[in-house]
Amino acid sequence: MPYQLIDTGSSRSFPAAHALLDGASASGDVVVLIGADAGSALNDVTDRASRAAILVELGTESLGVHTGESRGTEGSNVLGFARFRLGDGDPSDLVELVRQPNTPDSAIAAAKAVLEGAGLKVAVCGDFAGRIIDRLVRPYYNASLRRLDEQLATADDLDLTLKLGLGYPEGPIGLLERTGLAHHHDVTAALFETIGTPDYAPARRAVVAKRRAEKGAK
């Protein structure tokens, strides 16, 4: 399906060359907005109602911030999406595609056709803070950092136990150190503000990493 790409710069989902970027046309029935200002660029899309789908790259915000909400009946041809990427690590091939209660099935199908046509895997979810992955894994990362503070075990032994005991390819402490504790702080802070339960509150070590990043410390 032909699609148009509007790149507003600093995309977390597509920081480097990708088939989705290479396959775009000058026009198309689907519009893909990427970058830090993708939501603002939505207002510049012409003939919005006639498009099969309009995809807006999301950060930690909900799609409703850009489309508005109405008594739980919201939904249009505008969908949100984010390619999962943990901190500074490479983006995965998984895209979380965000729908609203009344999003037409035809818009979802058009969006999936474009994303899957570029070699990506698509999981559809509702318009909730954290979508699927962050909603599930951030409390686990926070718990691991808190157990380290409590000296339940060393970082190496925590990682080793979870790798061998649960079959994870990488332990949580090493994973967060590799991809950025400060980024974990930003995601969990946004989730905690929205959801409010303590398991999403940034762990102490993430707060320290964020403060050091703000100071420019190495």
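Everything in this summary refers to the structure shown in the same document.

Criteria and thresholds
Residues numbered from 1 in each chain as written. Predicted model: local features only at pLDDT ≥ 70, side-chain atom pairs only at ≥ 80, totals over all residues. Heavy atoms only, no water. Salt bridge = Lys/Arg side-chain N within 4 Å of Asp/Glu carboxyl O. Helix = DSSP H or I, 4+ residues; strand = E, 2+ residues; numbered from the N terminus. Buried < 20%, exposed > 50% of the residue type's maximum accessible area, 1.4 Å probe, protein only. Pairing = 2+ DSSP bridges. Right-handed = clockwise from strand over helix to strand, strands pointing away. Expected span 1.5 Å × (residues − 1). Arc of directions from axis to C-beta. Axes fitted to C-alpha atoms, helices over the stretch in contact; angles between N-to-C directions. Parallel < 35°, antiparallel > 145°, perpendicular 65-115°, else oblique. Left-handed = near helix turned anticlockwise from the far one by under 90°. Contact = heavy atoms within 4.5 Å.

This brings us to the pattern of salt bridges. This structure, assessed with the given rule, holds 10 salt bridges. Among the salt bridges present, the one from aspartate 93 reaches arginine 83, with a minimum N-O distance of 3.9 Å. With aspartate 93 in the loop between β4 (78-83) and β5 (94-98) and arginine 83 in strand β4, the pair connects residues that are 10 residues apart, well separated along the chain. A relative accessible area of 10% places arginine 83 in the buried class. Between arginine 211 and glutamate 214 there is a salt bridge, with its nearest N and O atoms 3.8 Å apart. Here glutamate 214 and arginine 211 lie together in helix α9 (residues 204-215), a separation of 3 residues that amounts to about one turn. The class for glutamate 214 is exposed, based on a relative accessible area of 54%. Overlapping salt bridges, with partners in common, bring together Asp149, Arg204 and Arg205 in one network.

What follows covers the pairing of β5. The buried fraction of β5 is high, at 4 of 5 residues. Bridge count between β4 and β5: 4 bridges; the pairing is antiparallel. Opposite arginine 83, over in β5, you have valine 95 as the bridge partner. When β5 meets strand β6 (residues 121-125), the two strands line up parallel, connected through 5 bridges. Note on β6: the bridge partner recorded for valine 98 is cysteine 125. Assessed by its sense of winding, the connection that carries the chain from β5 through helix α4 (residues 105-117) to β6 is right-handed.

Our focus in this paragraph is α4. Here α4 spans 18 Å end to end across 13 residues, near enough to the 18 Å set by a 1.5 Å rise per residue. Those residues of α4 lying buried are Ala107, Ile108, Ala110, Ala111, Val114 and Leu115. Along the long axis of α4, the arc covered by the buried residues comes to 165 degrees, so they all point the same way. Projecting away from the buried face of α4 at angles above 90 degrees are the exposed residues Asp105, Ser106 and Gly117. Of the residues trailing α4, glycine 119 is marked for its positive phi of about 90 degrees.

For any two helices packed against each other, one specifies the crossing angle of their axes together with the interaxial distance. Put simply, helix α5 (residues 133-149) and helix α6 (residues 155-166) touch, their axes get as near as 10 Å, and they point 140 degrees apart. Between α5 and α6, the angle is such that the two are oblique. Considering how the two elements wind past one another, α5 and α6 form a crossing that is right-handed. Where α5 abuts α6, its residues Tyr140, Ser144 and Leu148 lie against Ala155, Leu158 and Leu162.

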